[in-house]
Amino acid sequence: MPDDATEIAQKVSWEFYFIYWICVAAFVGVMGAMIYFVIRYRASANPQGPGKAPHHSTALELTWTFIPAALMVAMFWFNFRTYVEMSTIPQGNDVWEITVTGKTWNWDFGYDAIVPGAQSTDVLYLPKGRTVRLRISSNDVIHSFFVPVAKVKKDAVPGRYNYMWLRMNQLPEFREDQDLQKDPEPYYNFYCAEYCGRDHSTMVGKVVVLEEPDFKKRLQDIANELNNAPLDEIGQRTYEMQCAQCHVIEGPPLTGGGPTFENLYKYEQPLEGGGKILADENYIRESIQNPKAKIHEGYGNIKMPAFPNLTERELEGLILFIKMQSDRWVPPVIEREDEGEGEETNGEDTNDDAAPNPADQNETEETTNTENDAE
Ligand code: CUA
């Protein structure tokens, strides 16, 4: 059995072993008695044959009725009590909610109820000693979110929310074989426990438990990084999290995956059912948000999910990243003035609010590597 990192898990383990040892005792008792009788009453040592069988023993019958019945009731009672505790989702302000979204082929975690703007993929951050409610859903097919150290599991069903809760009471420890370059901190594992398709087996991830102040600081760092990162970095990260399982950016396309992103932008793409389209920004955006609108020739049978959970900035970043994979992408050349100069030369200060800001980050074309690296 895995470690027990929650009180519920300890109870489940206790009940598991309670039943286990009852079964062991019953097995040894029955088998032992059988072997004893086989030897004791074997025909060769008892030539006189069977004697008269006893007819009735009230004491014996009561014993073999009430002891097993009492054990059964105990098993039921302990398990029922824990089951109710496990299924009663705690409410109240001191319970923190994290959203869990399963999709082919990873898990997204949203912490907006704790630190706005914080989210993670394939790593679930949890505070130690605090009750956390997980609101679980799916973007596509049925998955199942399973945390073995907490001994809780819940289906992630498209179109509805399921809930489970946990309160971690210990921090994970480093594993002996842990690669510290790749995984610098200790973690537990979570799994997808419902066969959901081709890459079901890759829907695993880490549960990183932190002391509450560290937990909040980590979420704050994540939120800051997500908000402040240059657009192309956001795009690359979004690609790696959401797209890389099916779309390559160089080399041959993956079997069972989607078209390559290499030289997609500004090239004509053949469409399923005939026709062609020039892959511009609008086509890329539409294909992310509504993959079935214009299907690339030869990919009619591949089911790509839509990505309604992408933030506008992730979407913009992703489009920029896809454009950058094309040799027809021209890096923008607009020079952005730095703030000090801008104020000196800007004679329209009073209009600042009304006039569109030339440095607006929403303008994909204007955000480049070099500008942001210089900061
Ligand atoms: Cu998702 Cu199995």
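Criteria and thresholds
- Residues numbered from 1 in each chain as written.
- Predicted model: local features only at pLDDT ≥ 70, side-chain atom pairs only at ≥ 80, totals over all residues.
- Heavy atoms only, no water.
- Helix = DSSP H or I, 4+ residues; strand = E, 2+ residues; numbered from the N terminus.
- Buried < 20%, exposed > 50% of the residue type's maximum accessible area, 1.4 Å probe, protein only.
- Contact = heavy atoms within 4.5 Å.
- Areas by Shrake-Rupley, 256 points an atom, 1.4 Å probe, with all protein chains shown as cover.
- Salt bridge = Lys/Arg side-chain N within 4 Å of Asp/Glu carboxyl O.
- Core = buried A, V, L, I, M, F, W, Y, C linked by side-chain atoms within 4.5 Å.
- pLDDT = per-residue confidence, 0-100.
- Pairing = 2+ DSSP bridges.
- Axes fitted to C-alpha atoms, helices over the stretch in contact; angles between N-to-C directions.
- Phe/Tyr/Trp six-rings, centres within 6.5 Å; stacked < 30°, edge-to-face > 60°.
- Parallel < 35°, antiparallel > 145°, perpendicular 65-115°, else oblique.
- Nonpolar A, V, L, I, M, F, W, Y, C, P; charged D, E, K, R; others polar.
- Expected span 1.5 Å × (residues − 1).
- Disulfide = S-S within 2.5 Å.

**Considerations on the overall build of the protein chain**
- When its secondary structure is counted, the protein chain shows eight helices and 12 strands.
- In the protein chain, which comprises 375 residues, the proportion classed as buried is 38%.
- Partitioning the intrachain contacts of the protein chain with sequence separation of at least 6 by distance along the chain shows that 63% fall at a separation of at least 24.
- Element-wise, carbon and sulfur atoms account for 56% of the exposed surface of the protein chain, whose accessible area totals about 22700 Å².

**Section: the pattern of salt bridges**
- Inspection of the entire model under this criterion finds 16 salt bridges.
- A salt bridge links Glu185 to Arg218; its shortest N-O distance comes to 2.8 Å. Of this pair, Glu185 sits in the loop between β8 (162–166) and β9 (188–192) while Arg218 sits in helix α3 (residues 212–228), and the two are 33 residues apart along the sequence.
- Put simply, Asp199 and Arg198 hold a salt bridge, and the shortest N to O gap is 3.0 Å.
- For Asp199, a relative accessible area of 15% puts it in the buried group.
- One connected set of salt bridges, linked through shared partners, spans Glu97, Arg133 and Arg135.

**Things to note about the nonpolar core**
- In terms of nonpolar packing, the biggest core is built from 42 residues, with Phe145 and Leu166 touching the most fellow members.
- The biggest single contributor to this core is α3, with five residues.
- Leu264, Phe307, Leu315 and Leu320 belong to the second largest nonpolar core, which has 21 residues in total.

**A few points about the confidence of the model for the protein chain**
- Residue-level pLDDT values for the protein chain average 86, and 88% of them are 70 or greater.
- A low-confidence stretch, residues 341–375 stays under pLDDT 50, and its non-local contacts, those more than four residues away or across chains, total 34 contacts.

**Remarks on the sheet that holds strand β5 (residues 132–138)**
- Read from one edge to the other, the open sheet built from five strands follows the order β3-β2-β1-β5-β8, with strand pairing classed as mixed. Only two strands of the sheet have a single neighbouring strand rather than two, namely β3 (119–121) and β8. Strand-to-strand, the axes of this sheet are offset by a mean angle of 25 degrees, without reference to chain direction.
- When β5 meets β8, the two strands line up antiparallel, connected through five bridges.

**What to know about the packing of aromatic side chains**
- What the rule picks out here adds up to 20 aromatic pairs.
- Consider the rings of Trp107 and Phe190, whose centres lie 6.4 Å apart with planes at 90 degrees: the pair is edge-to-face. Linking Trp107 in strand β2 (residues 106–110) with Phe190 in strand β9, this pair joins segments that are 83 residues apart in sequence.
- When its relative accessible area of 0% is taken as the criterion, Trp107 is described as buried.
- An angle of 65 degrees between the planes, with centres 5.8 Å apart, marks the rings of Phe109 and Phe145 as edge-to-face.

**Topic: the sheet that holds strand β6 (residues 143–147)**
- Strands sit in the order β4-β10-β9-β6-β7 across an open sheet of five strands; the sheet is mixed. Both outer strands of the open sheet, β4 (123–127) and β7 (152–156), are each paired with one neighbouring strand and no more. Each neighbouring strand pair of the sheet contributes to a mean axis angle of 25 degrees, computed without reference to strand direction.
- One ladder, built from three bridges, connects β9 with strand β10 (residues 205–210); its direction is antiparallel. Counterpart to Asn189 in the pairing with β10 is Lys206.
- Those strands touched by α3 are β4 and β10, and its axis lies near 140 degrees from that of β4.

**Describing the packing of helix α4 (residues 231–243) against helix α6 (residues 312–324)**
- Two numbers describe how α4 lies on α6: the axes approach to 7 Å, and their chain directions differ by 90 degrees. Our classification of the angle between α4 and α6 gives roughly perpendicular. Mapping the contact onto sequence places Leu231, Asp232, Ile234, Gly235, Gln236, Thr238, Tyr239 and Cys243 in α4 and Arg313, Glu314, Glu316, Gly317, Leu318, Leu320, Phe321 and Met324 in α6.
- Broken down by class, the residue content of the contact of α4 with α6 amounts to eight nonpolar, four polar and four charged.

**Comments concerning helix α1 (residues 7–40)**
- Taking 1.5 Å of rise per residue, 34 residues should cover 50 Å, and α1 covers 49 Å from first to last C-alpha, within 8% of that figure.
- Burial in α1 covers these residues: Ile8, Ala9, Ser13, Glu15, Phe18 and Ile22.

**With respect to the side chain of Gln325**
- Along the polypeptide, Gln325 turns up in the loop between α6 and α7 (339–345).
- Contacts of Gln325, omitting those with residues within four sequence positions, involve Ile249, Phe261, Glu262 and Asn263.

**Brief notes about the state of the cysteines**
- Per the stated rule, a full pass over the model turns up zero disulfides.
- Considering cysteine sulfurs only, Cys243 is the nearest to Cys246, which forms no disulfide, with 8.8 Å between them.

**Regarding the environment of Val248**
- When you line up the elements, Val248 lands in the loop between α4 and β11 (268–270).
- As for Val248 and Gly258, which are separated by 10 residues in sequence, their C-alpha atoms are 8.2 Å apart.
- The residues contacting Val248, other than those within four sequence positions of it, are Tyr239, Pro253, Leu254, Thr260, Phe261 and Glu262.

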